[in-house]
Amino acid sequence: MRSTAALGVVLALASGSNAQQSAYGQYYSQCIPGTGSMTQTTQTILTTSVQSTSSSSTQLTSTRSTTSAAPTGTSALECTGTFTPISASEYVAAMNPGWNLGNTLDATPDEGSWNNPPVVAETFADVKAAGFKSVLTSSGDVVTYADHFTGSSPDWTIDPDWLQRVSDVVDMAVDAGLYVLTNVHHDSWEWADVSASGANLTMIEEKMHRTWVQIGETLGCKSSMVSLEPINEPPASDAEDGTELNKINGIFLQALAESGGFNTQRVVTLVGGAMDSIKTSEWFVAPTGYDNPWALQYHYYSPYDFIFSAWGKTILTDSDIATIEADLANIRGNFTDVPLLIGEFDASPINCEPAARRKYMDVVARTAKELDTAVILWDNGLDHLDRDTHTWRDVHAIQILMNAVAGVSNSLSDATTDAAATEQSSSAYLFHKVGDAVADQAITVSLNGNTLDSIATDDGMTLTAPTDYSISDETITFTSSFLSQYVSETAEPGTKVDLTLTFSAGATAGVTVAQWELPTLASTSSTAVAGADLLIPITWGGINEPAAVKMLRSDGDYLFDDWTQYLGPLQAAYGTYSGQWNWDSGDLILTSTTVAAVIAARVPTTFTFDFFPRVAGNSLNYTLNV
Ligand SMILES: *[C@@H]1O[C@H](CO)[C@@H](O)[C@H](O)[C@H]1NC(C)=O
Ligand SMILES: *[C@@H]1O[C@H](CO)[C@@H](O)[C@H](O)[C@H]1NC(C)=O
Ligand SMILES: *[C@@H]1O[C@H](CO)[C@@H](O)[C@H](O)[C@H]1NC(C)=O
């Protein structure tokens, strides 16, 4: 789960081919509020071309012609039109990969309250368009209901305008050709935390039931492209909480059954404790007695320190990769027959080193594909899609995802993988230091079975071998004459040009040519002032962000987390992005939490800011006195 980024929950999946879109075009239907009488749904023949997770498409044909009675209880909704059933495994295959509409409908108190304006249809079109050719992409939205209740126990009435908005956004995504998975989101900690001390489980169960009856009535006549998830990342501390969440899954299904419409045939994605793969493996038991086709969803933001830039971690190690592969295999091993999806995962361009995070994207998506698990990328609006400019902030990462999900091998820029390293190299950059003579410079790329086809610049030039570069095995050497067009002993620091490496198959690789020097600070010390973040004005030296920040007290103790002494030299005594340090366009930032820790320690503390490239000589000290 992402803190500042927040977590996702409704996903939409791109339908694949045009044929599939037209097949789904017939499902739009009108909802008619019912009177509690039995609901009849007419089911039509399913003939849908579903893009499976393998690159070939499969024709699925099933014939069902039943007249299903509503389950016992009241049936609130009748639908005209038809509903084409789809199995959970077909659904999960067809929606892969997905994209999360993060920090939008889930924002509190309202859509638009966080970093994104209310969603518009163009965003779904952008997401669909990013699917390239026959690869599917997904989109989604995430809904928090907590601030939209207008009634209290026992009715827990939800503002009808909000329900209408949710319905409209679902339609918007379906109209763009996307499957949509929608959930109840930050309610998990606002009112539905079963693990909280003194939690009123009666209230949570009652409110969850009423919430899903109302959402079910709102969305009950939507097509089978729309699926539902009971609650996002519900906290769970122990097996008792896990058991309660199993009960919540059942209450959700019961509410859907009572709401009528097509809801008992609709695909749902059930959840385990915290949507954590281990807690889910340990405690999840599917409810019985319900007809819905169901998949199991979990989220994956591991290794935590890499994803959240904690404790100086900017490197993805080989052991991290082995852990990722084992984690995904473990939950698959526990649920061999269940359609699985990773409803959220991400390594954000905001804070993760490019070569390492592209490799992360590849390993998660590729491993998930091998384990028949769908993936849905988290995007808080600052991570991947720039919704204003309709551009993807890292097109290479998106291509890596698309290709990995299609089972195509990607070529990937290498980067340091050794946790004991004292410096970090990255083949996502060609760094040139101010004052140095320009020389030939090499990067290495793990070709993974592909060959290099071409290299082009974003200013429209195609490189020529051997004048501009040469390749030997997996080493690509750029000539000084090529590099001299962009960097020199005296060029201004900054990023100069982006190179796109195209291979015989798989994603492109991106390499940024950058000139750098040590940044400068307006001052190098101050006295700690409680209660506010400390902003330290900076003149950047090429890459406008810090890599990591070491926090060492003058008495030799670490400001936070003594245990980091057992980590490598790039991590020991280092702090954590966002909670302890940050930056803006013109400042380094020590958060109020960090300032308070210095005041509490009563000793001066030196902060060593490391920049990219993370090499000796590219760090600055700032001392906070008390
Ligand atoms: C718990 O919730 C139920 C249902 O909303 C309510 O009737 C009851 O009074 C609550 N109990 C407490 C101790 O608040
Ligand atoms: C089930 O999950 C647990 C926890 O991750 C793991 O230890 C165990 O090996 C898994 N079982 C199988 C059969 O993969
Ligand atoms: C920065 O501070 C550290 C101690 O935290 C020290 O070891 C290092 O030499 C300092 N670097 C410079 C350039 O002063």
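Scoring rules and cut-offs
- Residues numbered from 1 in each chain as written.
- Chains lettered and ligands numbered in written order.
- Predicted model: local features only at pLDDT ≥ 70, side-chain atom pairs only at ≥ 80, totals over all residues.
- Heavy atoms only, no water.
- UniProt positions renumbered as here; feature names shortened; annotations may be inferred.
- Near = heavy atom within 4 Å.
- Polar contact = N/O pair within 3.5 Å; in protein donor to acceptor, adjacent residues only side chain to side chain.
- Areas by Shrake-Rupley, 256 points an atom, 1.4 Å probe, with all protein chains shown as cover.
- Nonpolar A, V, L, I, M, F, W, Y, C, P; charged D, E, K, R; others polar.
- Core = buried A, V, L, I, M, F, W, Y, C linked by side-chain atoms within 4.5 Å.
- Buried < 20%, exposed > 50% of the residue type's maximum accessible area, 1.4 Å probe, protein only.
- Helix = DSSP H or I, 4+ residues; strand = E, 2+ residues; numbered from the N terminus.
- Contact = heavy atoms within 4.5 Å.
- Pairing = 2+ DSSP bridges.
- Axes fitted to C-alpha atoms, helices over the stretch in contact; angles between N-to-C directions.
- Phe/Tyr/Trp six-rings, centres within 6.5 Å; stacked < 30°, edge-to-face > 60°.
- Lys NZ or Arg CZ within 6 Å of the ring centre and 35° of its normal.
- Disulfide = S-S within 2.5 Å.
- Parallel < 35°, antiparallel > 145°, perpendicular 65-115°, else oblique.
- Left-handed = near helix turned anticlockwise from the far one by under 90°.
- Right-handed = clockwise from strand over helix to strand, strands pointing away.
- Salt bridge = Lys/Arg side-chain N within 4 Å of Asp/Glu carboxyl O.

Going by an unreviewed UniProt entry, the protein carries the name Uu.00g147190.m01.CDS01 and comes from Anthostomella pinea. Under Sequence similarities (unreviewed entry), UniProt gives the following word-for-word description of the protein: "Belongs to the glycosyl hydrolase 5 (cellulase A) family."

Peer 1: Explain the site of ligand 3 residue by residue, including any values.
Peer 2: Around ligand 3, the surrounding shell consists of Leu 552, Thr 606, Thr 608 and Asn 621. Between ligand 3 and Asn 621, the relevant distance is 2.3 Å, taken from an oxygen atom to a side-chain nitrogen or oxygen of the residue. Alone, ligand 3 offers 360 Å² of accessible surface; in the complex the protein occludes 33% of this. In the shell around ligand 3, the residues fall into one nonpolar, three polar and no charged.

Peer 1: Give a description of the nonpolar core that names residues and reports values.
Peer 2: Core analysis: the biggest nonpolar cluster contains 103 residues, and Phe 124, Trp 212, Tyr 300, Ile 342, Phe 345 and Tyr 360 have the highest contact counts within it. Per-element tally for this core: the top contributor is helix α4 (residues 160-175), with eight residues. Leave out the neighbours within four places in its chain, and Trp 212 touches Thr 182, Asn 183, Val 184, Leu 228, Glu 229, Pro 230, Phe 252, Ala 255 and Leu 256. Membership of the second largest hydrophobic core comes to 24 residues, among which are Tyr 577, Trp 583, Phe 607 and Phe 609.

Peer 1: Mind laying out the sheet that holds strand β26 (residues 509-516), listing which residues take part and the relevant values?
Peer 2: The strand order β20-β26-β25-β22 describes an open sheet built from four strands, whose pairing is mixed. The two strands at the open ends of the sheet, each matched to only one other strand, are β20 (429-433) and β22 (452-457). For this sheet the average axis-to-axis angle between neighbouring strands, irrespective of direction, equals 20°.

Peer 1: A description of the packing of aromatic side chains should follow, citing residues and the corresponding values.
Peer 2: Applying the stated criterion across every chain yields a total of 20 aromatic pairs. Aromatic pair Phe 284 and Trp 294: ring centres 5.8 Å apart, planes at 50°, arrangement tilted. Taken as a pair, Phe 284 in the loop between α8 (277-283) and β14 (294-300) and Trp 294 in strand β14 lie far apart in primary sequence, ten residues in all. Among the aromatic residues, those joined into a cluster by ring pairs are Tyr 301, Tyr 304, Phe 308, Trp 311 and Trp 563. The side chain of Arg 614 reaches across the aromatic face of Tyr 574, ending 5.0 Å from its centre.

Peer 1: Could you give me a rundown of the state of the cysteines, with the residues and numbers involved?
Peer 2: Applying the stated criterion across every chain, the model contains one disulfide. Between Cys 79 and Cys 221 runs a disulfide, and the two sulfur atoms are separated by 2.0 Å. Because the sign of the S-S torsion sets the handedness, a value of about -90° for the bond joining Cys 79 and Cys 221 places this disulfide among the left-handed ones. Highlighted residues: Cys 79 in strand β7 (residues 77-79) and Cys 221 in the loop between α6 (201-219) and β12 (226-229), separated in sequence by 142 residues. Residue Cys 221 is classed as buried on the basis of its relative accessible area, which comes to 1%.

Peer 1: Requested: an account of the packing of α4 against α6, with residues and values cited.
Peer 2: Two elements in contact, α4 and α6, have axes whose closest approach is 10 Å; the angle formed by their N-to-C orientations is 45°. Classified by the angle between their axes, α4 and α6 sit oblique to one another. Every pair of crossing elements has a handedness; the one defined by α4 and α6 is right-handed. Here α4 contributes Leu 163, Ser 167 and Val 170 to the contact with α6, which in turn contributes Gln 214, Ile 215, Thr 218 and Leu 219.

Peer 1: Would you mind going over the environment of Thr 123 in detail, with residue names and values included?
Peer 2: In this structure, Thr 123 sits in helix α3 (residues 121-129). Among residues more than four places away in sequence, those in contact with Thr 123 are Trp 99, Leu 385 and Arg 387.

Peer 1: I'd love a proper account of the pairing of strand β15 (residues 340-345), names of residues and values included.
Peer 2: The element β15 is largely enclosed, with a buried count of six among its six residues. Here β14 runs beside β15; their pairing, made up of five bridges, is parallel. Along β15, the bridge assignment pairs Leu 296 with Leu 340. The sheet contact formed by β15 and strand β16 (residues 373-377) spans four bridges and is parallel. Looking at β16, one finds that Leu 341 is bridged to Ala 374. Chirality of the crossover, the property in question, places the unit of β15, helix α11 (residues 354-370) and β16 among those that are right-handed.

Peer 1: With reference to specific residues and values, describe the sheet that holds strand β28 (residues 525-527).
Peer 2: Taken in spatial order, the four strands line up as β28-β34-β33-β30 in an open sheet, and their pairing is mixed. Only two strands of the sheet have a single neighbouring strand rather than two, namely β28 and β30 (546-553). Pairs of neighbouring strands in the sheet enclose a mean axial angle of 20°, with direction left out of account. Bridge analysis of β30 against strand β33 (residues 605-611) gives seven bridges, and the strand direction is antiparallel.

Peer 1: Account for unusual backbone geometry, with residues named and values stated.
Peer 2: Across the junction of Ser 302 and Pro 303, the peptide omega takes the value 0°, indicating a cis bond. Summarising the element assignment, Pro 303 is placed in the loop between β14 and α9 (304-307). For Ala 274, which is not glycine, the phi dihedral falls at a positive 60°. Non-glycine residue Ala 573 carries a positive phi angle of around 80°. The residue Ala 573 is located in the loop between β30 and β31 (581-584) in this model.

Peer 1: Could you give an account of the pattern of salt bridges, with specific residues and numbers?
Peer 2: According to the stated counting rule, one finds twelve salt bridges in the structure shown. A salt bridge links Arg 366 to Glu 370, with the shortest nitrogen-to-oxygen separation between them at 3.9 Å. Residue Arg 366 and its partner Glu 370 are both found in helix α11; the two are separated by four residues, about one turn of the helix. What emerges from the salt-bridge pattern is a single network uniting Glu 325, Asp 362, Arg 366 and Glu 370.

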